[in-house]
Amino acid sequence: IIMNNQFSGNVQLSQLIFSGQYLAGVQTAKIAGKLSKQNLTLTELDIKENVTNSYYTILITEQTLNIINGNIDNMNQILTHTSNLYNAGVAEETDVDQIKVLVNQLKNSQKSLERIVQLNYNLLKFQLGVAPETDIELSDKLETITESIITAISSDFEIASNINYQMMESQIEIKEKQVDMQNWAYAPTVAGFYSYTEKFKTTGFDMNPNHLAGLSINVPIFSSGVRKAKVSQAKIELEIAKRNKEMLKEQLEIQHKQLVFNFYNAAENYNNQKENTTVAKRVLKSIENKYKQGVVSSLDLVQANNNYLSAENNYLSAVLTLLQAQTALNKLYNKL
């Protein structure tokens, strides 16, 4: 029997019903998404740390500039007083020259600090991602920030809050899912299918149905030991990740102890330098009064002024170290 002039169209759909590897892969992708968000958080912490330190540096530099400006005004008054004494024949020209040299040195420092302040502002604008012509005004006071830090310090540390530790936990979760994925390679996969055939032209002897549905099961039988090797490799990588987690935990605990140690050292140095500044300022005021009375020389005055500026510089350096120590702790705590 010859069957000519047959014509039909067919549509077939298939759907995966069960695959352990597919489910493990979906779960792995979700964990990878979480890890990506954690990595973004780590990047944000780095940026916040840099911005915070730049912010503090500007406050310190501006405070140093204010001290220099005040010192210049004070020394100019003393220079005028000394010049009047010289013109009256009471003081020597050497006294005038020494004060002039000091004032000129202070003016050089003033110009240098003004340039440094501008550079620091430019760096802050770059870190914030704002246009260079944008005006930025810092609203915080250095003294307020420093005092609040000293009273707010806490030595409690929850390792689970650290972003690096969280990322390591996510990596372990991924390794566990990869082990599951390799184990599921031994399991069968089940898929369903549906087929519809539209017979536009056929013969009277066509026994094929228009609708056809069913299941297909794929059972892995032989893989030459490849699946076993992949399972073993995945388990090894999981154990390595767990060991890395323990190592990271120890490193974070050591880092925390070091940062707390650094902070308390910085706080102690801050208190000492603050007291030294108060004493140096008081000594300078006393020397100035004695100089005006002719009891001490201009050399004594210059030395006292240098000691005062050195004390102020050491104090502000201690403040910056303290602020940076607190910032490092906040980053470790994931609280920036």
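### Focus on the overall build of the protein
When helices and strands are counted, the protein shows six helices and three strands. The helix and strand sequence of the protein, counted from the amino end, reads β-α-α-α-α-β-β-α-α. Put simply, the protein has 336 residues, and 34% of those count as buried. Relative to all contacts within the protein whose residues are 6 or more apart in sequence, the contacts with residues 24 or more apart total 83%.

### Here's the deal with the packing of aromatic side chains
In total, this model carries four aromatic pairs according to the counting rule given. The interplanar angle of 80° and the centroid separation of 6.4 Å between the aromatic rings of Tyr55 and Tyr56 together place this pair among those described as edge-to-face. Just as Tyr55 is buried, Tyr56 falls in that class too. With a centroid separation of 5.7 Å and 80° between ring planes, the pair formed by Phe263 and Tyr264 is classed as edge-to-face. Look at Phe263 and you get buried, because its relative accessible area is 2%.

### A look at unusual backbone geometry
Positive phi, close to 60°, is recorded for Asn334, a residue that is not glycine. Along the polypeptide, Asn334 turns up in the segment after α6 (298-332). Looking at Asn334, the relative accessible area reads 27%, which means it is partly exposed.

### A word on the environment of Leu284
Considering the arrangement of structural elements, one finds Leu284 in helix α5 (residues 226-292). With sequence-adjacent residues up to four places away left out, Leu284 is seen in contact with Asn71, Leu301, Ala304, Asn305 and Tyr308.

### Looking at the pattern of salt bridges
Counted under the stated rule, the structure contains five salt bridges. The residue Lys331 makes a salt bridge to Glu49 at a minimum N-O spacing of 2.9 Å. One end of the pair, Lys331, is in helix α6; the other, Glu49, is in helix α1 (residues 20-87), and 282 residues separate them in sequence. Note that Glu237 and Lys175 form a salt bridge whose closest N and O atoms lie 3.6 Å from each other. Of this pair, Glu237 sits in helix α5 while Lys175 is found in helix α4 (residues 163-183), placing the two residues 62 residues apart along the sequence. Ionic contacts of the salt-bridge type, sharing partners, join the residues Asp46, Glu49 and Lys331 into one network.

Scoring rules and cut-offs
Residues numbered from 1 in each chain as written. Predicted model: local features only at pLDDT ≥ 70, side-chain atom pairs only at ≥ 80, totals over all residues. Heavy atoms only, no water. Helix = DSSP H or I, 4+ residues; strand = E, 2+ residues; numbered from the N terminus. Buried < 20%, exposed > 50% of the residue type's maximum accessible area, 1.4 Å probe, protein only. Contact = heavy atoms within 4.5 Å. Phe/Tyr/Trp six-rings, centres within 6.5 Å; stacked < 30°, edge-to-face > 60°. Salt bridge = Lys/Arg side-chain N within 4 Å of Asp/Glu carboxyl O.

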